[in-house]
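Residues per chain are reported as follows:
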Amino acid sequence: MQNTKLLLTSFTFVGLLALAGCSFPGVYKIDIQQGNVVTQDMIDQLRPGMTRRQVRFIMGNPLLTDTFHADRWDYLYSLQPGGGERQQERISVIFNPNDQLVSLSGDFMPGVSRDEAILGKDSDTTVTTSAENAEKPKPEKPVKPGSLLDQIQKDVDNVETVPVPTPEPLETSPQ
């Protein structure tokens, strides 16, 4: 009789522990977000020739910086809704040796942002499929002589470049 009570109590205890590990329907599960949030509007702001600082200002710090490929930054974002399937987006930003933005690759493409597509607003940006069309700059309107823009352009043109001094190497001989 005593053994039966002990056996029944232990089975009940083990059963409750096993039941506690199961998920019940209707139990709230949190959404898990990881990585950098990247939006289409961020991608639309990127332009070829931007510096690393400008790209970092728009996109934030990259999630991955590869030691062997210092000219490439990777931004990853994953979202797993509670009980749902994981969704992942990736964008790679590639720079040239002069630290200027050269190209993008990944799940985002320049064009209509998702926000504008949802809201139904027309966008002035168009997606070009050929590389020849993407490299052509838009014609600019000439500025009026004596205007503020003309003065600013003259000031920029007259800026003298100053070479950055290079420090002398430290002595390695013991003293």
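Residues numbered from 1 in each chain as written. Predicted model: local features only at pLDDT ≥ 70, side-chain atom pairs only at ≥ 80, totals over all residues. Heavy atoms only, no water.

The name that an unreviewed UniProt entry assigns to the protein is Outer membrane protein assembly factor BamE, with the source organism given as Pseudomonas cucumis. The heading Function (unreviewed entry) in the UniProt record of the protein holds the text "Part of the outer membrane protein assembly complex, which is involved in assembly and insertion of beta-barrel proteins into the outer membrane." (UniProt positions renumbered as here; feature names shortened; annotations may be inferred.)

Caption draft 1: Inspection of the nonpolar core at higher detail. With 15 residues, the main nonpolar core has L46, V55, M59 and Y75 as its most contacted residues. Elements supplying a minimum of two residues to this core: α2 (40-45), α3 (52-59), β3 (72-80) and β4 (87-95). For Y75, the residues in contact, after removing those within four places along its chain, are N36, V38, V55, M59, G60, N61, P62, L63, E89, R90, I91 and V93. (Core = buried A, V, L, I, M, F, W, Y, C linked by side-chain atoms within 4.5 Å. Buried < 20%, exposed > 50% of the residue type's maximum accessible area, 1.4 Å probe, protein only. Helix = DSSP H or I, 4+ residues; strand = E, 2+ residues; numbered from the N terminus. Contact = heavy atoms within 4.5 Å.)

Caption draft 2: Summary view of unusual backbone geometry. You will see that D99, though not glycine, has its phi angle at about 60°, which is positive. D99 sits in the partly exposed class, given a relative accessible area of 35%.

Caption draft 3: Spotlight on the packing of aromatic side chains. Across all of its chains, the model carries one aromatic pair by this definition. The positively charged end of R52 is found above the aromatic ring belonging to F95, 4.5 Å away from the centroid. (Phe/Tyr/Trp six-rings, centres within 6.5 Å; stacked < 30°, edge-to-face > 60°. Lys NZ or Arg CZ within 6 Å of the ring centre and 35° of its normal.)

Caption draft 4: Fine view of the pattern of salt bridges. Inspection of the entire model under this criterion finds three salt bridges. Between R52 and D99 there is a salt bridge, and its shortest N-O distance comes to 2.7 Å. One end of the pair, R52, is in helix α3; the other, D99, is in the loop between β4 and β5 (101-106), and 47 residues separate them in sequence. On the basis of relative accessible area, R52 is assigned to the buried category, the value being 17%. (Salt bridge = Lys/Arg side-chain N within 4 Å of Asp/Glu carboxyl O.)

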